[in-house]
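Breakdown of the fold
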Number of protein chains: 2
Amino acid sequence: MPEIVLTTFDWVPEIPRGYVRDLRVRWALEEAGLPYCVESVSFRERDAAHFSSQPFGQVPWLTEGDITIFESGAMVLHVAEKSDILMPSEPHARSEVIKWLFAALNSVEAASLPWSIFKFSDDTTQTPGRQHLDNFLNTRLQHMEQVLAERAWLANDSFSVADILMADVLRLVDRFDGLKDYSACRNYIARATARPAFAKAYADQMEHFAAAD
Amino acid sequence: MPEIVLTTFDWVPEIPRGYVRDLRVRWALEEAGLPYCVESVSFRERDAAHFSSQPFGQVPWLTEGDITIFESGAMVLHVAEKSDILMPSEPHARSEVIKWLFAALNSVEAASLPWSIFKFSDDTTQTPGRQHLDNFLNTRLQHMEQVLAERAWLANDSFSVADILMADVLRLVDRFDGLKDYSACRNYIARATARPAFAKAYADQMEHFAAAD
């Protein structure tokens, strides 16, 4: 079996530490119990080789033999295909996981990421578009609150790769205090991040960036 | 083989017509040559049955036997698994398609969707967060422009399900005149939407909503 290599930045500023997307992939790899190593690419100078692996100049990417994958969603799906813990192979159960995996990215993060950009910019000016964006996130969170009030995990009554993405997406909302009114979402994050695989992935990311200071 | 049923709204206002996400799934089904039928759910009154199929109260969703899938990304991936035209089964080629499928949603649409919300709101107030958001989209488009200047299709030198999503995502940017400086992106949309399967999917969606007027 070829070695899995996960590539992330050599260093990032303090603020994104603990939230860089290699965390999602580390978490999935730890849950799956798959061996992997982590390599670094320069944060400050992104060369042609970087763009050939990640066309947006971002991190992370994953290589395994002749396969190179960017996009955290694609990477965790690739890892999940190797692990019954992350995604069962039975078609119905598998489809439940995959739809929630996409929901984390395209229904929730599509709303939370732009919202966090305004928070990050410390921009409090209310304009019609901003109001629309805030409503967009709050509507999505209201629906997630209903879903998570009734179940511990998103799919098949058990933890899956979909929970890695959804919990990680919601963590960033919580960081900017956006989950005050959503206790089921907060409890869900607490449940997910209490897993040893998350703790290991988080500690490893923090250590990786701290080592370059 | 159980029938594939695609559910969308019975009616939507003029503005989103031609851009409702059932289009992506119709397009994939047409490319794959799979039989399907379209059912309607009320746009104005979204009941508990609706939320049990689509927890955010959106459309579309797809059913096939005991499987119900929401999220356009998950639906087109499900369809693509049945079609060598949309996604080859060879692992390397398959992984190329899947990473670009996620890139369309999570790298490009994650930037274009919030941008289009401001456009849709006719909101032109420049604030720090808004500037950040505009830069976010433009950076992504600059990278897509480089990619598309060098290749006709995203993965494996042939049309795939990733192109359905990327072209559909870029279509909405183009609608709000966001691709003026990105001719390779515009040419790519023209190439993708010239396909008979797109034309059929588009005409069918327009007819579906017009029939309810």
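In what follows, the accompanying structure is described. Not measured: the values here are computed from a predicted model. (Residues numbered from 1 in each chain as written. Chains lettered and ligands numbered in written order. Predicted model: local features only at pLDDT ≥ 70, side-chain atom pairs only at ≥ 80, totals over all residues. Heavy atoms only, no water.)

What the rule picks out here adds up to 24 aromatic pairs over all chains. On the basis of an interplanar angle of 70° and a centroid distance of 4.9 Å, the ring pair of A:Trp27 and A:Phe198 is categorised as edge-to-face. Of this pair, A:Trp27 sits in helix 1 (residues 22-32) while A:Phe198 is found in helix 8 (residues 196-210), placing the two residues 171 residues apart along the sequence. We classify A:Phe198 as buried; its relative accessible area is 7%. In this structure an aromatic cluster arises from ring pairing among A:Trp27, A:Trp153, A:Phe159, A:Tyr188, A:Phe198 and A:Tyr202. A cation over a ring is seen here: B:Arg44 above B:Trp11, with NZ or CZ 4.2 Å from the ring centre. The ring of B:Phe43 carries B:Arg46 above its face, with NZ or CZ at 4.9 Å from the centroid. (Phe/Tyr/Trp six-rings, centres within 6.5 Å; stacked < 30°, edge-to-face > 60°. Helix = DSSP H or I, 4+ residues; strand = E, 2+ residues; numbered from the N terminus. Buried < 20%, exposed > 50% of the residue type's maximum accessible area, 1.4 Å probe, protein only. Lys NZ or Arg CZ within 6 Å of the ring centre and 35° of its normal.)

This part is about the interface of chain A and chain B. Where interface size is given, it is often the accessible area lost as the parts come together that is meant. On the side of chain B, 52 residues touch chain A, which itself brings 52 residues to the contact. Between chain A and chain B lies a buried interface of about 4,100 Å² when both sides are counted; carbon and sulfur atoms form 69% of it. Taken as a group, A:Phe56, A:Phe102 and A:Asn106 account for 17% of the area that chain A buries against chain B, more than any other trio of residues on that side. Here chain A is connected to chain B by two salt bridges. Salt-bridge contacts for B:Glu81 lead to A:Arg94; the nearest nitrogen and oxygen are separated by 3.4 Å. If you look at where chain A meets chain B, you find 18 residue pairs in polar contact (both at pLDDT 80 or more). Going through the elements one at a time, strand 4 (67-70), helix 3 (72-80), helix 4 (91-120) and helix 5 (128-150) of chain A are the ones with two or more residues in the side of chain A that touches chain B. (Contact = heavy atoms within 4.5 Å. Buried area = accessible area lost by both parts, 1.4 Å probe. Salt bridge = Lys/Arg side-chain N within 4 Å of Asp/Glu carboxyl O. Polar contact = N/O pair within 3.5 Å; in protein donor to acceptor, adjacent residues only side chain to side chain.)

Before going further, it helps to spend a moment on unusual backbone geometry. Leave glycine aside and you will find that most residues have negative phi; peptide bonds, for their part, are mostly trans. Residues and elements named next belong to chain A. The peptide bond linking Val59 to Pro60 adopts the cis configuration, its omega dihedral lying at -5°. Residue position: Pro60 is located in the loop between helix 2 (48-53) and strand 3 (61-64). For Asp157, which is not a glycine, the phi torsion comes out positive at approximately 55°. In this fold, Asp157 is placed in the loop between helix 5 and helix 6 (161-175). Here Asp157 falls in the exposed class, since its relative accessible area comes to 72%.

Relative orientation of the contacting elements helix 4 of chain A and helix 3 (residues 72-80) of chain B amounts to 140°, with a least axis distance of 8 Å. Considering the angle they form, helix 4 of chain A stands oblique to helix 3 of chain B. Across the interface between the two elements, A:Ile98, A:Lys99, A:Phe102 and A:Asn106 from helix 4 of chain A touch B:Ser72, B:Gly73, B:Ala74 and B:Leu77 from helix 3 of chain B. (Axes fitted to C-alpha atoms, helices over the stretch in contact; angles between N-to-C directions. Parallel < 35°, antiparallel > 145°, perpendicular 65-115°, else oblique.)

Purely spatial values, then, with no claim about function.
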